[in-house]
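Now for the letters of each chain:
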Amino acid sequence: MKNLKKDARIAGLWYLFMGITGMLGLMYVPGQIYVTGDNSQTIQNILNQEGLFRFGILANLNCQTSFLFLALAFQKLFDGVSDYWSKLLKTLVTAAVPIAFFNALLLIAALLVLKENGLEQSQKEALSNLFIQINSFGTMAVQIFWGLWLLPLGMLFIKAEFMPKLIGYFLIAGCVAYLFESLMGVMNAPFKERVTPYLMLPLSLGEFSAIFWLLIKGVKKGY
């Protein structure tokens, strides 16, 4: 017999682990290392805090790995709810993870170049900055998938009788916010810095509410 509450809790744990490692690897560590508009200081920070830089890469890799297991957990939880939305969710996650792994490899390449003895310092910094810039654009690209996967997840929450529909609508709003954030980044929109804080509300509300519901309640009463 299918244990919905157990399956929900497992999905919640994977979601929580992905969220924690994602915030460390994609937000906290970059905030400590990267200096906007000052490439030289960024390079110096990488060299001075190599351990933290490597930790950020490791956290990011763990985040992406857990993303795959989360997709499988949701597939099991929502089995029988909607085959179409379940397959779409798994497809979008499967497409996102290789891009994110490639992005992590770019950061490793940036570090290896800086430690290469056969190059002049100016060449090292130029190549390292190039890898970091490509990584930045790669993150903007993968954000499309990080947004899109919330659409099928939201639809599954809406269609499943054992889940609150409101969280599904929050997740879909998060999908739109992610896509808008990615679009502004690719287009280098001058108003991005002013708009991003407002996008954090729908981004956070959908995913945090899903995580806490899965971990605390699991499913609706009676299921």
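Refer to the preceding data block for the structure.
Everything in this summary refers to the structure shown in the same document. (Residues numbered from 1 in each chain as written. Predicted model: local features only at pLDDT ≥ 70, side-chain atom pairs only at ≥ 80, totals over all residues. Heavy atoms only, no water.)

A few words now on the overall build of the protein chain. Assigned secondary structure in the protein chain consists of eight helices and zero strands. When its helices and strands are written in sequence order, the protein chain yields α-α-α-α-α-α-α-α. The C-alpha extent of the protein chain, read off along each of the three principal axes, is 65 × 35 × 25 Å. Looking at the protein chain as a whole, 44% of its 223 residues are labelled buried. In the protein chain, the proportion of contacts linking residues at least 24 apart, taken out of those at least 6 apart, comes to 76%. Per element, the accessible surface of the protein chain, about 11800 Å² overall, is 66% carbon and sulfur. (Helix = DSSP H or I, 4+ residues; strand = E, 2+ residues; numbered from the N terminus. Buried < 20%, exposed > 50% of the residue type's maximum accessible area, 1.4 Å probe, protein only. Contact = heavy atoms within 4.5 Å. Areas by Shrake-Rupley, 256 points an atom, 1.4 Å probe, with all protein chains shown as cover.)

Bringing the nonpolar core into the picture now. A general trend in soluble globular proteins is that nonpolar side chains are found buried together. Residues Tyr15, Phe74, Phe78, Trp149, Leu153 and Met163 are the most contacted members of the largest nonpolar core, which totals 46 residues. Those elements that place two or more of their residues in this core are helix H1 (4-33), helix H3 (50-77), helix H4 (83-114), helix H5 (121-148), helix H6 (150-159), helix H7 (165-186) and helix H8 (192-217). Not counting the four nearest positions on each side in its chain, Phe74 is found in contact with Ala11, Tyr15, Trp149, Leu153 and Leu214. If you look at the next biggest cluster of nonpolar residues, it comprises twelve residues, including Val29, Ile43, Ala110 and Leu114. (Core = buried A, V, L, I, M, F, W, Y, C linked by side-chain atoms within 4.5 Å.)

Let's shift gears to the side chain of Ser128. Residue placement: Ser128 occurs in helix H5. By relative accessible area, which is 0% here, Ser128 ends up buried. In contact with Ser128, not counting residues within four places along its chain, are Ile43, Ala110, Val113 and Leu114.

In this model, H8 (26 residues) spans 36 Å end to end at C-alpha, consistent with the 38 Å of a helix rising 1.5 Å per residue. Along H8, the sharpest kink reaches roughly 30°, centred on Tyr198 and followed within four residues by the proline Pro202. All buried positions along H8 are accounted for by Thr196, Leu199, Leu203, Gly206, Glu207, Ser209, Ala210, Ile211, Trp213 and Leu214. One or two positions beyond H8, positive phi appears at Gly218, with a value near 80°. (Expected span 1.5 Å × (residues − 1). Bend = angle between axes of the 7 residues up to and from the residue.)

Right, let's talk about the pattern of salt bridges for a bit. Inspection of every chain in the model, using the stated rule, returns four salt bridges. One salt bridge connects Asp7 with Lys76, and the closest N-O pair in it is separated by 3.7 Å. Of this pair, Asp7 sits in helix H1 while Lys76 sits in helix H3, placing them 69 residues apart in sequence. Note that Arg54 is salt-bridged to Glu50, the shortest N-O span being 2.9 Å. With Arg54 and Glu50 both in helix H3 and four residues apart, this pair spans about one turn of that helix. Classification of Arg54 as partly exposed rests on a relative accessible area of 44%. For Glu50, a relative accessible area of 19% translates into the label buried. Through salt bridges with shared partners, one network takes in Glu50, Arg54 and Lys115. (Salt bridge = Lys/Arg side-chain N within 4 Å of Asp/Glu carboxyl O.)

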